[in-house]
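Summary of structural features
The primary structure of each chain is shown beneath.
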Amino acid sequence: MPSRVPLQVLSGHCPIDELPDQLDLSELAGEMERLWMKSVERLDEGRAVEHAATIVLRADGSLKLINEVAGSLFNVIPNFAVAEPNTFLGTFHTHPRIDGLLPMSFSDADFVSVIQLHEKLSLLYSDEIVFALARTAATADHVNFYTVRSEFRSFLRGIDEQSELFLGAIWESNKWLAAKYGFGLYMGTPNTLIREV
Amino acid sequence: MNNSQELFFAKDDADHWAFIEEMKQERAARGIKEPEGPPPFVQKMRKRLEERKAQQMQRPMLQYAFLALFEPMDSNGFRAVCPTIENCTVEAPTREEAKAALIGELKHRLRAKLQAGETLPTERGSAEMVEVALGES
């Protein structure tokens, strides 16, 4: 069955004002949840491991996660190998934490890798919440990592000074970076995500 | 993360986590205690999802009928076309899959028109197989 995510979104060239209000990712929900459970299965022992997979568009128009990999508490390197007839769309990864500071949205390095790798759709799962970056016609082609890191941190510090809610401040930084670099940003449950930017 | 290439291929949050930890400790030193439970932005999102679901439950089901044409392709598979909707064509390995894909595409296109405040097109055509005999005057 074809994906419920509109092809225009999967093309990576959707005009930003034509992005849908919500995304139906139910076809990937089970796999995303399974990889999250693997990420936190040893949390009782004080261990957590980021997991990743590659999102592909199959010949029948459906989405699938392939190339599952495990990393460490702090990082994971996706396997980008995609063979025909599958088409590379982007990556999925998890953000587990052992200190309970969850859900943790995209990091500055995540934004950079999504831009540089030309991911059309990037999914992040953290504590039963899914975040998604959708590339659009307005998304930057290249970016300097140190610029993004500096912007992210400056913005976060600026919000943090006024905020009692650290996780909320990190999320606001995500929204600011998504708007600046021309992404659609979504957040929701594994089945349904709502557009935030 | 000294190698700039690694920045592209890894989802490497080590520096990010270190920065977050540093900020967390700064906040703790200032006496700020993080609230327990889901943060407000997650609660807000869940509320919006529930509201949308409730709206969808209340909305009457809209039914439309459109004429669809199915033709086998030279490269195997089927192409389905809805002539009433501009450029509404899908392709799939089987006729049934092409039908399902076309219905999905129609849903998407009609919802987009509704959201844009446009009037939905109505089907005025009907299908009939016509026979053509050559050689007659």
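So, here's what we can say about the structure. (Residues numbered from 1 in each chain as written. Chains lettered and ligands numbered in written order. Predicted model: local features only at pLDDT ≥ 70, side-chain atom pairs only at ≥ 80, totals over all residues.)

**Quick word on helix H4 (residues 145-160) of chain A**
Residue and element names in this part refer to chain A. For clarity, the threshold we go by: Each helix is a run of DSSP H or I of at least 4 residues and each strand a run of E of at least 2, with the numbering of both proceeding from the N terminus. A helix's residues, less one, multiplied by 1.5 Å, set its expected span. To sort residues by burial, count the other C-beta atoms lying within 10 Å of each one's C-beta; a count of 20 or more means buried, 12 or fewer means exposed, and anything in between means partly exposed. C-beta atoms are built from the backbone. The arc in question is formed by the directions pointing from the helix axis toward the C-beta atoms.
Taking 1.5 Å of rise per residue, 16 residues should cover 22 Å, and H4 covers 22 Å from first to last C-alpha, within 8% of that figure. Burial in H4 covers these residues: Val148, Arg149, Phe152, Leu156 and Asp160. Looking straight down H4, one finds its buried side chains confined to an arc of 100°; they lie on one side. Among the exposed residues of H4, those pointing more than 90 degrees away from its buried face are Tyr146, Thr147, Ser150 and Ser154.

**Some points on the pairing of strand E3 (residues 63-70) of chain A**
Residues and elements named next belong to chain A. Heads up, the rule is: Strand pairing follows a simple DSSP-based rule, namely that at least 2 bridges must link the two strands.
Note: strand E2 (residues 51-57) against E3, six bridges, orientation antiparallel. Its bridge partner lying in E3, Ala52 is registered against Val69. Connecting E2 to the antiparallel partner E3 that follows it, the hairpin turn spans five residues, and Gly61 within it adopts a positive phi of roughly 90°.

**Side note on the sheet that holds strand E2 (residues 69-72) of chain B**
Residues and elements named next belong to chain B. What counts here: Every axis in this analysis is a line fitted to C-alpha atoms, fitted for helices over the stretch in contact. Angles between the N-to-C directions lie between 0 and 180 degrees. Here, residues touch in the contact sense if the C-beta positions derived from the backbone fall within 7 Å of one another.
The strand order across the open sheet formed by three strands is E2-E3-E4, and the pairing between neighbours is antiparallel. Each edge of the open sheet is held by one strand with a lone partner, namely E2 and strand E4 (89-92). Mean inter-strand twist for the sheet, computed between neighbouring axes without regard to direction, equals 20°. Pairing geometry for strand E3 (residues 78-81) and E4, over four bridges, is antiparallel. In the strand pairing of E4, Val81 is matched with Thr89. Its contacts with the sheet place helix H4 (residues 95-115) against E2, E3 and E4, and it is angled at close to 145° to E4.

**What to know about unusual backbone geometry**
For the bond running from Glu84 of chain A to Pro85 of chain A, omega is 5°, close enough to zero to count as cis. Of note, the bond from Leu102 of chain A into Pro103 of chain A is cis; its omega dihedral lies within 30 degrees of zero at 0°. Here Pro103 of chain A lies in the loop between strand E5 (87-94) and helix H3 (108-116). Even without a glycine there, the phi angle at Asp127 of chain A is positive, about 55°. Residue Asp127 of chain A is classed as partly exposed on the basis of its C-beta count, with 17 C-beta atoms lying within 10 Å. Its identity is not glycine, yet Asn76 of chain B carries a phi of approximately 65°, on the positive side. With respect to the element layout, Asn76 of chain B can be found in the loop between E2 and E3. Accessibility expressed as a C-beta count within 10 Å gives 8 for Asn76 of chain B, which makes it exposed.

**Structural notes on the interface of chain A and chain B**
Across the boundary between the two partners, chain A contributes 38 residues, which contact 31 residues of chain B. Looking at the side of chain A that touches chain B, the elements that each hand over two or more residues are strand E4 (75-76), H3, H4, helix H5 (166-180), strand E8 (183-188) and strand E9 (192-195) of chain A. Ranked by residues supplied to the side of chain A that touches chain B, first place goes to H3 of chain A with six residues. Bridging between E4 of chain A and strand E1 (residues 11-12) of chain B involves two bridges; their strand directions are antiparallel. Residue Val76 of chain A lies in a different strand from E1 of chain B, and its bridge partner there is Lys11 of chain B.

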